[in-house]
Amino acid sequence: GDVQGGPRASSLGRSADALKSYGRSVTIGQELFDAGVRQPELLREMIEAERMFGLLEHRLRAKGGDESYHKRLTHAIALAESLVQQSPELGNFRVLASLYRELGERFADSNRAKLAEERYTQALPIYRRVRAMEPGLRSDRGVALILQRLGDAKVMRGDLEGALQFYRESYEIFDSLS
């Protein structure tokens, strides 16, 4: 997929080829997974392939792109959960947290506030765990951001008091960083 380009690089006019390449990568990864291969590096590659395939489908296909992206991110989350169980390293927790956040953002973008809130709620303890594993600016910002997203979801659902609680907690962290 990256050879033909992607969201972070020029597509070189071959977006359909990139989509096909990621699709093939997903298929091969799933075949290996189904055959019992569970090495952490394979899981990481499968997670990225699922995420990128879904993102490209979302951007290139008018019909069904959103649902496909949600499905691919959900599958990537399941793979990341497996990866974290097998290899509880900081980077793997970061990937898992970011996938939950990304899926929450996609749900929020499509006005599915309840689903967005659920994903952000799932991400929060993971971001807090990352913060405990590696205190610092990056981890603090991750927690503050997901708290802000939870506040946004609460606003979308009409729970202004709940939103205010999340915004306050997020503000306290951001304020401590300045």
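Predicted model, so just to flag it, every value in this text is computed and none were measured.

Draft legend 1. Local environment of the packing of aromatic side chains. Overall, the coordinates contain zero aromatic pairs when judged by the stated rule. One cation-aromatic arrangement involves R38 over F33; the distance from NZ or CZ to the ring centre is 3.6 Å.

Draft legend 2. Looking closely at helix α1 (residues 15-34). Its 20 residues give α1 an end-to-end C-alpha distance of 28 Å, which sits within 8% of 28 Å, the value for a rise of 1.5 Å per residue. Among the residues making up α1, those that are buried are A18, L19, Y22, G23, V26, G29 and F33. Summarising the axial view, the buried residues of α1 lie within an arc of 135°, below the 170-degree limit, and thus occupy one face. Residues of α1 that are exposed and point more than 90 degrees away from the buried face comprise A16 and K20. Residue G36 follows α1 closely and has a positive phi angle near 100°.

Draft legend 3. Representation of the packing of helix α6 (residues 137-156) against helix α7 (residues 160-177) in the model. Where α6 contacts α7, the axes come no closer than 8 Å and their chain directions differ by 160°. The angle between α6 and α7 falls in the class roughly antiparallel. Here α6 runs over α7; the crossing is left-handed. Class assignment of the residues belonging to the contact of α6 with α7 gives a composition of 14 nonpolar, four polar and five charged.

Draft legend 4. Seen up close, the pattern of salt bridges. The tally for this structure, following the rule as stated, stands at 18 salt bridges. Across the pair R44 and E89 runs a salt bridge whose closest N-O atoms are separated by 3.7 Å. Of the two residues, R44 is situated in helix α2 (residues 40-60) and E89 in the loop between α3 (65-86) and α4 (90-109); the sequence distance between them amounts to 45 residues. Since its relative accessible area comes to 28%, R44 is described here as partly exposed. Between E117 and R157 there is a salt bridge; the shortest N-O distance is 2.8 Å.

Draft legend 5. Structural view of the nonpolar core. One finds I47, L96, L99 and Y120 to be the most contacted residues of the largest nonpolar core, which totals 44 residues. Where this core is concerned, the elements lending two or more residues are α1, α2, α3, α4, α5 (113-133) and α6. In terms of residue count, the dominant contributor to this core is α2 (nine residues).

So, how was this worked out
- Per-chain numbering applies: the sequence of each chain, read as written, is numbered from 1 onward.
- For a predicted model such as this one, the threshold for reporting local features is a pLDDT of at least 70, and the threshold for listing and counting side-chain atom pairs is 80 or more; totals across whole chains, interfaces and linings nevertheless cover every residue.
- Hydrogen atoms and water are omitted, and side-chain values are computed over all heavy atoms in the structure.
- Note on ring pairs: Phe, Tyr and Trp rings are taken, using the six-membered ring of Trp, and paired if centres are within 6.5 Å. Classes follow the plane angle, with under 30 degrees stacked, over 60 edge-to-face and the rest tilted.
- A ring is considered to have a charge above it if a Lys NZ or an Arg CZ atom is located within 6 Å of its centre and within 35 degrees of its normal.
- Counting from the N terminus, the helices are DSSP H or I runs at least four residues long and the strands are E runs at least two residues long.
- Helix span, as expected, comes to 1.5 Å for every residue beyond the first.
- The cut-offs for exposure are 20% and 50% of the maximum accessible area for each residue type, with area from a 1.4 Å probe on protein chains only; residues under the lower value are buried, those over the upper are exposed, and the others partly exposed.
- This arc describes the spread of directions from the helix axis toward the C-beta atoms.
- Between N-to-C directions, angles span 0 to 180 degrees; the directions come from axes that are lines fitted to C-alpha atoms, helices contributing only their stretch in contact.
- Any angle that is under 35 degrees is reported as roughly parallel, and any over 145 degrees as roughly antiparallel; angles of 65 to 115 degrees are reported as roughly perpendicular and all others as oblique.
- Working rule for handedness: look at the near helix, and if it is turned counterclockwise from the far one by less than a right angle, call the crossing left-handed; if clockwise, right-handed.
- Gly falls in the polar group here, along with every residue not listed as nonpolar (Ala, Val, Leu, Ile, Met, Phe, Trp, Tyr, Cys, Pro) or charged (Asp, Glu, Lys, Arg).
- Throughout this description, the term salt bridge denotes a Lys or Arg side-chain nitrogen within 4 Å of a carboxyl oxygen of Asp or Glu.
- What makes a nonpolar core is a set of buried Ala, Val, Leu, Ile, Met, Phe, Trp, Tyr and Cys residues whose side-chain atoms join them at distances within 4.5 Å.

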